[in-house]
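# A structural walkthrough
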Amino acid sequence: MPALPKELLEKVAATKVLVVGAGGIGCELLKNLVLTGFADIEVIDLDIIDVSNLNRQFLFHKQHVGKSKAAVATESVLSFCPTANIKHHHNSIMSPEFGVSFFKQFSLVLNALDNRAARNHVNRLCLAAEVPLVESGSAGYLGQVSVIKRGVTECYECTPKPAARSYPGCTIRNTPSEPIHCIVWAKHLFNQLFGEADIDEDVSPDMADPEAQQKNGQEDGAVDQPAANGDAPQTNNSSSNAERMSTRKWAIDNNYDPKTLFNKLFNEDIRYLLSMSNLWKKRTPPIALNYDSLPDEHPGSSSSSSASSARGHAGSGIKDQVVWTPMTCRDEFDHAVATLRDQLSKKEDGHVLVWDKDDETAVHFVTACANLRAYVFGIPLKSLFDVKSMAGNIIPAIATTNACVAGMIVMEALKIVDGRIDATRSVFISRLPNPRGKILVDQIPDKPNPKCYVCSEKSEVFVKLNTNAFTVKQLEDKILKQTLNMVAPDVELADGSGTIIISSEEGETTALQDKTLAELKVVDGSRLQCDDYMQNFELSLIIIHCQDFKDGIDFIIITDIADLKPKEADEEMPKEEEDVECVVASEVMPPETVGLKKRRTADSDGPDTKRARISDQMGD
Amino acid sequence: MKMVQTEEPTTTTESITEDEAALYDRQIRLWGLEAQNRLRNSSVLLVGLSGAGAEIAKNLMLAGLKSLTLMDHNNVSEGDRDAQFLAPVDTIGQNRAEASRLRTEQLNPMVQVIVDTDALESKDADFFEKFNLVCLVNQAYEQIERVNEICRKFNIKMCAAGVYGWFGYGFSDLLEHEFIDEVKMLAPSNSNEVHVLDGKGDGPEAKKRKVDEEETAMIKHTIDFSSWSDAMNVDWSRKGTLGKAKRSLTPAYFVIRSLLEAQKLGDNATLPEVIGKAWKDEVERCKLDLEEQKCKPEDFMK
């Protein structure tokens, strides 16, 4: 049976196509493309091959581990069709050289990405270059494909995606109740000790916890802040490098002695928390640990052997699925701290460690710390295998789903090549058949959202923040980059003065970055013209001053002014998770469901796999 | 009533090694270690190394079996270049299973690959007994029917699949299939107390406790699968049956039935007029409304 009608086959052969990503979907897609007759392909991927890719990225074999995905994928797929012309880039699609003119070379862009930042970026470039884009994602048994064409279908950013789940600072620092709280804390601790310390990632007891203070203020300030922040005086949330450096400095001053660190983290700080007695009126109080007398068995069990068999998965034969006892956690902590200290000392001045789920020591450190903290608070302990899933935001993946998704991408691509954009569909793979017996469910793509700040003519975004506290640097990092997904923003005050407050040129506005917005005359009602030259993207940011924010939230983005009126009170703080599970897995963007609350806080601690599965129900 | 075949308990079989745990990490996180162990102890027969067969072989190899037997008596043809990526381009004219061996092995060196160049019809019942799963790709209707009966007799699970241009089908006969579903539910105990405790309407607090009370229950389900002949020989001309079909059955079912019917005619099966006629006959036999069909007999004749 012939493959494609002759005219279509000719169009296919003449289409220059860009494949963004040579991972799970990318490998399958490249195979499908050359077999279908696409002969002019460029592929880009910044990643190198890891052993855990080999269960699905079938263009790679064991001997390729450590090599460039884009290069090896090209070499392998050429053996299926030696006449195809495939060019590869071992690079990030977000690098400046891949601007609008690069995208304009292609008649079609196919995404096979695994993260939202790159998806946003490619979306903007395809809109700017007016090149049709096929977007895709997969997570476990779920997958989806959609077509994005400027002015015809909705773009990737037409409906705000729910932000990754974040947790209130006081839950993390004072009153954890679930394993994930301890894991987030442990990752923060890693950064405080060895990585890039972030002011929002403090790990010491939080005195400002409103719950601790609410009654008569008797706890408040009654006890000196513990040594958590070293010698530095306790300061408010709004400060400052001095405080940020102090945890690190304290650890360095003590030469990262594991026992000293242990005592501070799991004993002194815990005793301090116990002194905030308001916190423990309704909760089980934590127990301060003694370095020298930790049990070598699991909490609540009589013998360690029965514990490990009860807690390991059924028939478990792999060591990472065995839950460590508190004593093992301490030993692992000692070992990891010593190793990380050495790694850090070998770095050049000013360079720090970056937490990585594939770095064994880093994962051991987080597993040990999270479990010790869990033990302190009477929370169930987790195996390294499970901690790695949650801390590393690992999305389970299989070849079969990716193969289906790649097939669906090519089906949509063929319609685009054939000039039948109206025939394109969004297609979802759901876990269970819908009432009509379908696992693959397709729908007509939505029209562009006329209020979308990315693809509509008028790009306006309102932001509510405290102009007296919010700094220019925070505006750049938290709002423009992390929330509005710009890469290299330039910002000008649109009051006729032409004052530039943020420049994408290195060093040009460094002097301004620690100033508050109010100091630069950015006040209630101010309009900022924000421009990302690389993305060919601009928007107006309108400032709404708001003095009071509650824990963990320091700004709110409003993309539709109509949202500002009715439920202002609710906007202040997203309630503890409503029953809606609205977390996006990084390889999949679940179809938008009704009732999702917009989340504004960005946090890298993403969804765990369990939640990724929930998007299941969104599939049909 | 036949015995339910419970998979061998993992104690009597080999468990995966640490190396395999690293290789299969992303899928163990999806289907669990026990499922991975079962895969590791499974022998699968795959008959028909067409393009679809190559896809199936790839996915089975990557999943991590004990062994995969590739069976095909046909040779690699020019047409295989459109989809059969396991047979290198310079193997045209060679046996298709043999030609696919090397690339199949490279997909996962931990899985044993066995090649069988016999025709499916030459294999008698005993041959199938050693497999845990039999997959038939693009095979003839009668052969699928015959092998399905054998598999049912020996309690072997079976799949069949076929691709015909833009159409295709997948069929599974997992016999009496038991599986366990994890269901999240609230534990009944203490839930009243929780509400009293949080009577002040302290939202976050109440929610958190509820989550803590949540339990995972394991619910066992059983599905009885239909045999190939039962699935293919429903009398759709009977009143009422068709109404049900319209709600839950893809229109492609009837197209596939007519394609399989046309295939019975052997070498003529790919002639457009043969397929067109078979489809027209199917429409009449099932009393379908030709106007409602997206696929017209003429479509095959172009």
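Note that the coordinates shown come from a computational prediction; the quantities given were computed from them, not determined experimentally. (Residues numbered from 1 in each chain as written. Chains lettered and ligands numbered in written order. Predicted model: local features only at pLDDT ≥ 70, side-chain atom pairs only at ≥ 80, totals over all residues.)

### Overview of the overall build of chain B
Summing up its helical and strand segments, chain B has 13 helices and eight strands in all. Expressed as a percentage of the 302 residues in chain B, the buried residues total 32%. Here the analysis covers contacts within chain B between residues at least 6 apart in sequence; of these, 63% occur between residues at least 24 apart. (Helix = DSSP H or I, 4+ residues; strand = E, 2+ residues; numbered from the N terminus. Buried ≥ 20, exposed ≤ 12 C-beta atoms within 10 Å, placed from the backbone. Contact = placed C-beta atoms within 7 Å.)

### Describing the overall build of chain A
The helix and strand tally for chain A stands at 18 helices and 14 strands. Classification of the 620 residues of chain A by burial places 47% in the buried group. In chain A, the share of contacts with a sequence separation of at least 24, taken over all contacts with a separation of at least 6, comes to 69%.

### Section: the environment of Val376(A)
Residues and elements named next belong to chain A. Here Val376 is to be found in helix H13 (residues 360–376). Along the sequence, Val376 and His88 sit 288 residues apart, while their C-alpha atoms lie 51 Å from each other. Apart from the residues within four sequence positions on either side, Val376 is in contact with Phe266, Ile270, Pro286, Ile287 and Leu289.

### Some points on the UniProt feature "domain: Ubiquitin-activating enzyme SCCH" (unreviewed entry) in chain A
The sites that UniProt annotates as "domain: Ubiquitin-activating enzyme SCCH" (unreviewed entry) are residues 336–388 of chain A. A helix fraction of 60% and a strand fraction of 0% characterise residues 336–388 of chain A, whose end C-alpha atoms lie 15 Å from each other. (UniProt positions renumbered as here; feature names shortened; annotations may be inferred.)

### What to know about helix H12 (residues 272–285) of chain B
Residues and elements named next belong to chain B. Across its 14 residues, H12 extends 20 Å between first and last C-alpha, which sits within 8% of the 20 Å expected from 1.5 Å per residue. Those residues of H12 not exposed but buried are Ile275, Ala278, Trp279, Glu282 and Val283. Within H12, the buried residues cover an arc of 140° as seen down the axis, which keeps them to one side. Of the exposed residues in H12, those oriented more than 90 degrees away from the buried face are Glu273 and Glu284. A positive backbone phi angle near 55° is found at Lys287, which sits one or two residues after H12. (Expected span 1.5 Å × (residues − 1). Arc of directions from axis to C-beta.)

### Focus: unusual backbone geometry
One non-glycine residue, Asn485(A), lies in positive phi territory at about 60°. By secondary structure assignment, the location of Asn485(A) is in the loop between helix H16 (472–483) and strand S10 (489–493). A positive phi angle, near 65°, is found at Asn155(B), a position not held by glycine. Along the chain, Asn155(B) turns up in the loop between helix H6 (141–154) and strand S5 (157–164).

### Remarks on the confidence of the model for chain A
All names here are of chain A. Put simply, chain A has an average pLDDT of 83, and 81% of its residues get 70 or more. Overall, residues 216–245 carries pLDDT values under 50, and its contacts beyond four positions in sequence, including any with other chains, amount to 42 contacts. Here residues 566–620 is modelled with pLDDT under 50, and outside its nearest four sequence neighbours on either side it reaches 122 contacts, counting other chains as well. (pLDDT = per-residue confidence, 0-100.)

### A few points about the UniProt feature "domain: THIF-type NAD/FAD binding fold" (unreviewed entry) in chain B
Mapped onto this numbering, the UniProt entry annotates "domain: THIF-type NAD/FAD binding fold" (unreviewed entry) at residues 24–169 of chain B. Across residues 24–169 of chain B, the secondary structure splits into 40% helix and 21% strand, with the terminal C-alpha atoms separated by 29 Å.

### Concerning the pairing of strand S1 (residues 43–47) of chain B
Looking down a regular strand, the side chains alternate between one sheet face and the other. All names here are of chain B. Of all five residues in S1, four are buried; the element is thus mostly enclosed. Here S1 pairs with strand S2 (residues 67–71) via five bridges, running parallel. Bridging across to S2, Leu45 finds its partner in Thr69. Of the crossover connections in this fold, the one passing from S1 over helix H3 (residues 51–63) to the parallel S2 is right-handed. (Pairing = 2+ DSSP bridges. Right-handed = clockwise from strand over helix to strand, strands pointing away.)

### Description of the nonpolar core
Residues Leu110(A) and Leu46(B) are the most contacted members of the largest nonpolar core, which totals 147 residues. Among the elements that line this core, the one with the most residues is helix H15 (residues 399–417) of chain A, at twelve residues. With sequence-adjacent residues up to four places away left out, Leu110(A) is seen in contact with Val17(A), Leu18(A), Val19(A), Val20(A), Leu29(A), Val134(A), Ile409(A) and Ala413(A). (Core = buried A, V, L, I, M, F, W, Y, C linked by C-beta atoms within 7 Å.)

### Notes on the environment of Val44(B)
All names here are of chain B. Topologically, Val44 is positioned in strand S1. Residue Val44 is classed as buried on the basis of its 24 C-beta neighbours within 10 Å. Taking the C-alpha atoms as reference, Val44 lies 20 Å from Asn95; in sequence the two are 51 residues apart. Here Val44 is in contact with Leu60, Leu65, Leu68, Phe131, Asn132, Leu133 and Cys135, once residues within four sequence places are set aside.

### Let's talk about the domain arrangement of chain B
Residue and element names in this part refer to chain B. Partitioning chain B into structural domains gives domain 1 (42–174), domain 2 (177–224) and domain 3 (234–301). Taking only C-alpha atoms, the centre of domain 1 and the centre of domain 3 are 26 Å apart. Contact with domain 1, which involves five residues of that partner, is made by seven residues of domain 3. Its residues assigned to classes, the side of domain 1 that touches domain 3 comprises five nonpolar, no polar and no charged. (Domains from an automatic or database assignment. Nonpolar A, V, L, I, M, F, W, Y, C, P; charged D, E, K, R; others polar.)

### Focus: the pairing of strand S6 (residues 167–173) of chain B
Residue and element names in this part refer to chain B. Across seven bridges, S5 lies against S6 in antiparallel orientation. Bridge pairing links Ala161 to Gly170 in S6. As consecutive antiparallel partners, S5 and S6 are separated by two residues, and within that stretch Gly165 has a phi angle of approximately 60°, a positive value.

### Here we look at the environment of Ala21(B)
You can see Ala21(B) is positioned in helix H1 (residues 18–23). When the C-alpha atoms of Ala21(B) and Thr216(B) are compared, they prove to be 25 Å apart, with 195 residues separating the residues in sequence.

### Here's the deal with the sheet that holds strand S14 (residues 555–558) of chain A
Residues and elements named next belong to chain A. Read from one edge of the open sheet, six strands run S11-S10-S12-S13-S9-S14, paired in mixed fashion. Two strands lie at the open edges of the sheet, namely strand S11 (500–502) and S14, each paired on one side alone. Strand-to-strand twist of the sheet, defined as the mean angle between neighbouring strand axes without regard to direction, takes the value 30°. Pairing geometry for strand S12 (residues 527–532) and strand S13 (residues 537–545), over six bridges, is antiparallel. Bridge pairing links Leu528 to Leu541 in S13. (Axes fitted to C-alpha atoms, helices over the stretch in contact; angles between N-to-C directions.)

### Describing the sheet that holds S5(B)
All names here are of chain B. As summarised here, the arrangement of the six strands in space is S3-S2-S1-S4-S5-S6, forming an open sheet in which the pairing is mixed. Two strands close off the open sheet at either side, each with one partner strand: strand S3 (112–116) and S6. Going from strand to strand, the sheet's axes swing by 15° on average, the running direction of each strand aside. The strands touched by helix H11 (residues 252–263) within the sheet are S5 and S6, with S6 carrying the most contacts at an inclination of about 90°.

### What about the packing of H11(B) against H12(B)?
Residues and elements named next belong to chain B. The interhelical angle for the contact between H11 and H12, taken along N-to-C directions, is 125°, at an axis separation of 8 Å. When the axis of H11 is compared with that of H12, the two are oblique. Handedness of the crossing formed by H11 with H12: right-handed. On the side of H11, the interface is formed by Phe254, Val255, Arg257, Ser258, Leu259, Glu261 and Ala262, while H12 contributes Val274, Ile275, Ala278, Trp279, Asp281 and Glu282. By residue class, the composition of the contact of H11 with H12 is eight nonpolar, one polar and four charged. (Parallel < 35°, antiparallel > 145°, perpendicular 65-115°, else oblique. Left-handed = near helix turned anticlockwise from the far one by under 90°.)

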